[in-house]
Each structure stands twice: as C-alpha cells, then as structure tokens.
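A look at the structure
What follows is each chain in one-letter form.
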Amino acid sequence: MAADAMTAGDLPRFHRLSPAGALALSHGDGDGALVTELLGAERSRRLLLLRALDNALSRDDDPRVSYARAWALLERAQQRAPEAFEEVLMSPNTGMWVSLAVRRMRGRVYEEAPRWVAVGHLAALAAAAGTRAGLDFSITVPVRRGLVPLPTLGCAVLPDTEQWDTAEVTGSAGRLRVTGARGAVVEVAPGWDRRGPGWLPVRRLTLGSGPDAKSLVLEELDPYRTFPAPSEPRPLSTAEAAAWESMLDEAWTILLRDDPVSAAAMRHGLMSVAPTPTRERFRPHSSTAGDAFGGITASRPDDVPQLAATLVHEFQHTKLGGLMHLGPLTEQAPDPPTPAWLCYAPWRDDPRPLGGLLQGIYAFLGVTRFWRAHRHSADPAYAPLAHFEFAMWRTQVWSVLGEVRGHEQLTPLGRRVLDGLSERCAEWMGDEVPAAELRLAHEVAGDHLTRWRAHHLRPAAAAVDEAVRAWRRGAARPPAALAAEPDVVPDTEARHLDSAAVLARHRLSDPDGTWRHTLAGSVDGVEAPDVLLIRGDREAARAVYADRLTRKGAPVAAWAGLARALSGDPSHEAAATLLRGFPERARAVQDALVAATGRGADPVRLAAWLGQDQGLPGRPALRS
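Here we summarise the structure given alongside this text. (Residues numbered from 1 in each chain as written. Predicted model: local features only at pLDDT ≥ 70, side-chain atom pairs only at ≥ 80, totals over all residues. Heavy atoms only, no water.)

**Describing the overall build of the protein chain**
How we decide: Only DSSP runs of H or I covering at least 4 residues are called helices, and only runs of E covering at least 2 are called strands; the numbering of each starts at the N terminus. Only C-alpha atoms enter the radius of gyration; for comparison, a globular chain is expected to reach 2.2 Å times N to the power 0.38, where N is the number of residues. Throughout this description, buried means an accessible area under 20% of the type-specific maximum (1.4 Å probe, protein chains only), exposed means over 50%, and partly exposed covers the range between. Every residue pair with non-hydrogen atoms within 4.5 Å of one another is taken to be in contact. Here, Shrake-Rupley sampling with a 1.4 Å probe gives the accessible areas, and only protein chains in the shown set may cover a residue. Neither His nor the chain ends contribute to the count of charged residues, in which Lys and Arg are positive and Asp and Glu negative. To locate a charge, take NZ of a lysine, CZ of an arginine, CG of an aspartate or CD of a glutamate.
Per the secondary structure count, the protein chain includes 24 helices and 16 strands. Its C-alpha radius of gyration of 27 Å places the protein chain within 12% of the 25 Å reference for a compact globule of 624 residues. Projecting the C-alpha coordinates of the protein chain onto the three principal axes gives extents of approximately 90 × 55 × 50 Å. In the protein chain, buried positions account for 56% of the 624 residues. Taking the intrachain contacts of the protein chain between residues at least 6 apart in sequence as the baseline, contacts between residues at least 24 apart amount to 69%. Of the roughly 25,200 Å² that the protein chain leaves accessible, carbon and sulfur atoms contribute 51%. When the 72 basic and 76 acidic side-chain charges of the protein chain are each reduced to a single mean position, those positions are 2 Å apart.

Take a look at the structure:
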C-alpha cells in the first residue's frame, strides 16, 4: 500500500496522517507517534462537538443547571490552566458524553435521564475543570440518585433519595464543597485522590515501572464510561480493585514483551479500563466506542493472557475508529442495513454490515498478532491454548479478508486499509502450529461458519418445495435449483455460535477436567452431544444429533455438530461435505418435511442425497 496515497487524496485537509503513520495503521500497527496524530484529530472533533452543543443550547438555558455559567467556567479553566482543561476534554468519558449530548439535542435518546440531567453534565465537566485549574467558583450540577460524578476527579455521595436532583459545587484553591438540595455536605481536600466521607476518588493505577510505566484509570464512577448507553457508578470492592490492578500490571508486562507495538501505542492512547461484571468462562465481554477514544470496558478475564489479548483487541478498535473519523472506509449503509449489506463475521452470531465487519477484521488481526508471539513465551501448560488461539483467529481473519477485499462498497481508503491488512496476515499464514491445535482450530472455525449459514441463509422457497417433492417420490437426485445462491435472512434467535470454540478452550486448558461431565446444560449453547464430540466420541455424538434432527424444533446447531461427527468417515463423505458447506439446504428441506409429515427424514441420508452434484467443490460467497 502506498502510504502517501492515503494522505494525499483520501483524508480531509486539516488532519492528515504522516506517511509512516498511514502505512503502519494500514497494516494494523502504529506506535505512540501515530496515536499522537490520532489524538490531535480527536481533540479537534471534540471541540467541534462542543461548539455544536453550544450553538444548540445558546437560547435554551435551564433554570436548574445553567449552561451559560458552565460555558463561562470552562473558558476560565482553559485560560487559567490549559493542561487542566485538556485533561477533562480528552477523557474518554467526555468524548462519549458530548457525542450523546449533541444527539440528544437532535432528538435521539440514549438514556433514561431527563434532558436537563444528560445535557447538564456539562456543568459537572466545568466544575471538574475549574477545580483542576484552582479557580474559585460555584456552580449547580445534576445529581443522579444521590450521586454527583465530577469527571476525572471522583464522585460525591449524598444521602438524597430523589432520582434526579441538583447540588451546588463550590471550588476554592482546589478545595471542593458539594452541597445537596437538602443540605447534605461533602468536603473534599485538594488532591482529590483520597477516599473520605461521602467521596469516592477516581482510581488511578501505574502499571510497570521506569521508562515502561503506564498510567491508567480503573474507571468505576463516571456514568459515561460504558457504551452505548451511560450507567450508574459501580464502585469496586477492595478485593476486586486489587485483583484488577494485579491482572492489568501482569498483562502490561506481557504486552511489553510479546506485543511491543501495541504497548507503545497504548502507552500514549489507552486511558481507562471500566470493569463490568464477570461473564461465563471463555466468553469475556469487552467494548469500545469511536466517541470514547482511549476508553475500554471489559468483564473480569479468566486469566492474564486473555486480558492482554482483550486490551489489544479493543485498542485496535480505538485506532481504526480514529482513522474513520478522518475518512470513511465504506459507503454509507442504509439504516437498518438491507441483506445486500450484510456479511459473515466469524466472531459474531449475527450478520454484520460491511463497516462493522471491517472493525472486527482490524481488531482480530491485532489479536492474531498477540497470540502469534505469546504462544512462544507462554507457560508450557498454557501453550496449547495459545497455539490454538493464533491458528483459529489467523484462519478466520484470512477467510473474511479474502471475501471483502474487492467489495464494491469500499471507499478508496477502505481498499487501501484492507490491502495492507491482507499483506500483513499473509505473512503469518505459513507459520507452523502443532498439528493437534491446528486441526482443532480449523474444525472450530468451520463449525462457526456452518452454524452461521444454517441460521442465516435460506434457499429459495420454490426450490425447497421442489426438493421435498423429489425426496418423497424417491428421486435419485435433488433439483438443481436448490444449488442457487441463498438469501440472507437474519435469524434473531441465533445464539452462542462460538460454543465449539468454548469447548475447545476447556479441553486445551484442562484436558482431563470436570468439564467433560459438567458442561452440558451449564454453559449456554452447549449440549450433551457437543461434549461427546469434543471428547472424541464421534459415533455417540452422531447418534444423538441424528435423533434430534428428525424431530420438530431441533436445535439449528445440531446440523453443524452432525457435520463434524460425520467428518473423516469415508462412508459419509457426501453427507459431511454437504453439511459443512451448505447446511441451510438440509435445514430448509428437513423443516419442510417436518411441517408436511410431522417427522423429518434420517438427516444423514437426507444430507447424502442433497450432496449429489450440488456445487460442493466450494462454498458460496460469505456475503449476500
């Protein structure tokens, strides 16, 4: 990819990436210098959003929270202490809030708080900036269920019980006094980082030491720390906070060693991590928002390498989001997207619009890079899982890169980025992986696609009806019409398409563990034959899948399970190939047979019959 082409014609006039930064970003990389460039553009964007909000509010002051006083205090803070103003402006939570506030003024509601509370958060920002600047001031701010969040400083806790209320914040030489509407008072001494009666300070961490040290906020208080909607503060217990600090410190050490490119970028651009409740094992949840540059939400991870991979994943989103604020990667999609805009994403249960798929490709390329290195430095007991993660994500990223590189809805900038990502991923395709982990990774990646197709693709109804008639009269072959390109019909009930990957991780991390007897029914989306399959008992799994698929209401995922259970058996090659590549045909015909007769056909015989001359040398495109 020609880096100067990206800067010359594809990006706006006022903020451009350097040639080196553009080239690195297009390959999924980028160091601290690149992040500094992106932050410069982000700063301008936030100032423009604040100006848009100011314009919208200029004739709309509120008797409860004065927007005019808030603007005036922000201006004083910027003039007195520009660095204090910048600290508040560039907080990820400020970016999220101002974007939502502008949308709120345009009629789009993202939270239950009334408009004066949501937009009046401007006064809380002003109070924080004024305090940081050491100004003397007094300003009324919103109160949310007794909580008074002051961005980048902390949160005052009042005994008030009203859902929405106001408090007066008074600042003098860095000292704070928060007075509730009913007279309760919270005093905060300068420094703000000490917990006291009615005061919860922002929790700031230092990861590592010396020149490699990294400052980070463990964000638990600001309502705009979560995406896509705000949420109430969730203070961590002492034990929770200590566990997070320890894991983040260890994850930072791993990143410095195994992914120094990401670490260099994060040192400049990762500002906060907001913990969320624990999820199922091997199903952590994390998120970022393009409006909240530098902020990540994440559930408590299962282990430190998983946390390191999560940080890489989400910061990849952050970098690409910064680029997308400079120039679009795709043409504008309709809202909601039509089937023509929907694509297969190997990391999602649902079909994704092209823009969302590009975000996933970019994020998981970074994840692949991390596991590629970490598998060689991991503890020997952990190495099989790390090899599997590298092989699986490499396979999935490469497969969708091949599908979308020439997509007609890409902009020139989008094509350049995908070319660079493809060039980088191609370098890794020849890397050796132990045979067992490589085989399992390919099997799991194929299982996800098979499940996705069974859920979301539909052959033409007329072709299905013709196939049912042909089957019932004993025809030698199915109709050729069934091999036509299917339609994308999103199935809103599709869930847990990653079940095979979850089971594989259990097996690799603890080969003889209790999961072999306890996971069925206790992990979402995992049933008894799935466990039999990962334990290697294909014959028993095949019998259970086949029995279930003859009945009404059979789980869609059973088609993917049956495909895996039949694989490797020469006597069932046609059936296995059909089910791996085109499970939607078997599902549609079987559903029609059940509807017509009350019971389905033997699914193995049906799949073998459907697999005759039905376009089996390759799968159709993964997008509609």
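Back to the write-up after that little detour.
**As for the packing of helix H22 (residues 573-581) against helix H23 (residues 583-597)**
Put simply, the rule reads: The axes used here are C-alpha line fits, helices contributing only the stretch in contact, and every angle between their N-to-C directions lies in the interval 0 to 180 degrees. Throughout, the term roughly parallel applies to angles under 35 degrees, roughly antiparallel to angles over 145, roughly perpendicular to angles from 65 to 115, and oblique to all others. We call Asp, Glu, Lys and Arg charged. Ala, Val, Leu, Ile, Met, Phe, Trp, Tyr, Cys and Pro are nonpolar, and the rest, Gly among them, are polar.
Look at H22 against H23: their axes get within 5 Å of each other, and the N-to-C directions meet at 95°. It follows that H22 is roughly perpendicular to H23 by the angle criterion. Residue-level contacts link Leu-578, Leu-579, Arg-580 and Gly-581 of H22 to Pro-583, Glu-584, Arg-585 and Ala-586 of H23. For the contact of H22 with H23, the per-class residue count stands at four nonpolar, one polar and three charged.

**A closer look at the sheet that holds strand S9 (residues 214-218)**
To keep it simple, the criterion reads: In short, DSSP must find at least two bridges between two strands for them to pair.
Strand order in the open sheet formed by five strands is S8-S9-S10-S12-S11, with mixed pairing between adjacent strands. The open sheet has two free edges, formed respectively by strand S8 (203-207) and strand S11 (286-287), since each of these has just one partner strand. On top of the sheet, helix H9 (residues 238-258) reaches S8, S9, strand S10 (272-276) and strand S12 (295-299); it is set at about 30° to S8, its chief contact.

**Side note on the nonpolar core**
Filter applied, for reference: Only buried residues count toward a nonpolar core, which is a set of Ala, Val, Leu, Ile, Met, Phe, Trp, Tyr and Cys residues joined through side-chain atoms within 4.5 Å.
Ile-139, Leu-248, Leu-311 and Ile-361 are the most contacted members of the largest nonpolar core, which has 160 residues in total. The element contributing the most residues to this core is helix H13 (residues 383-404), with 11 residues. One finds Ala-558, Trp-559, Ala-588 and Ala-601 within the second-largest nonpolar core, a separate group that totals 33 residues.

**Focus on the side chain of Asp-165**
Put simply, the rule is: The definition of a polar contact used here is a pair of N or O atoms within 3.5 Å, where within protein one atom must be able to donate a hydrogen and the other to accept one, and adjacent residues in sequence count solely through side-chain atom pairs.
Relative to the helices and strands, Asp-165 is located in strand S4 (residues 164-172). At a separation of 2.4 Å, a polar atom in the side chain of Asp-165 contacts the side chain of Arg-182. Among all residues touching Asp-165, those that are not within four sequence positions of it are Trp-116, Val-141, Pro-142, Val-143, Ala-181 and Arg-182.

**Re the pairing of strand S3 (residues 154-157)**
Bridge count between strand S2 (residues 147-150) and S3: four bridges; the pairing is antiparallel. For Leu-147, the partnering residue across the bridge sits in S3 and is Val-157. Between S2 and S3, which pair antiparallel and follow one another directly, the connecting turn spans three residues, one of which, Thr-152, has a positive phi of 70°. As defined by bridge partners, S3 adjoins strand S7 (residues 199-201) across three bridges and the pair is classed as antiparallel. Each bridged residue has a counterpart across the sheet, and for Ala-156 the counterpart in S7 is Trp-199.

**Quick notes on the pattern of salt bridges**
The following threshold applies: When a carboxyl oxygen of Asp or Glu lies within 4 Å of a side-chain nitrogen of Lys or Arg, that pair is called a salt bridge.
According to the stated counting rule, one finds 38 salt bridges in the structure shown. Where Arg-182 meets Asp-165, a salt bridge forms, and the shortest distance between an N and an O atom there is 2.4 Å. Here Arg-182, found in the loop between strand S5 (175-180) and strand S6 (185-188), pairs with Asp-165, found in strand S4; they are 17 residues apart in sequence, far enough to count as distant. Note on Arg-182: relative accessible area 51%, which makes it exposed. The partner of Asp-259 in a salt bridge is Arg-369, with the nearest N and O atoms 3.3 Å apart. In this pair, Asp-259 is assigned in the loop between H9 and helix H10 (260-269) and Arg-369 in helix H12 (residues 354-377), connecting sequence segments 110 residues apart.

**Remarks on the environment of Pro-82**
With respect to the helices and strands, Pro-82 occurs in helix H5 (residues 82-89). Through-space distance from the C-alpha of Pro-82 to that of Thr-318 is 25 Å; in sequence the pair is 236 residues apart.

**Side note on the side chain of Glu-314**
Along the chain, the position of Glu-314 falls in helix H11 (residues 304-326). There is no salt bridge for the buried Glu-314, and the closest opposite charge comes from Arg-348, which lies 9.6 Å off by N-O distance. Setting aside its immediate chain neighbours within four residues, Glu-314 contacts Ser-286, Ser-287, Thr-288 and Ile-296.

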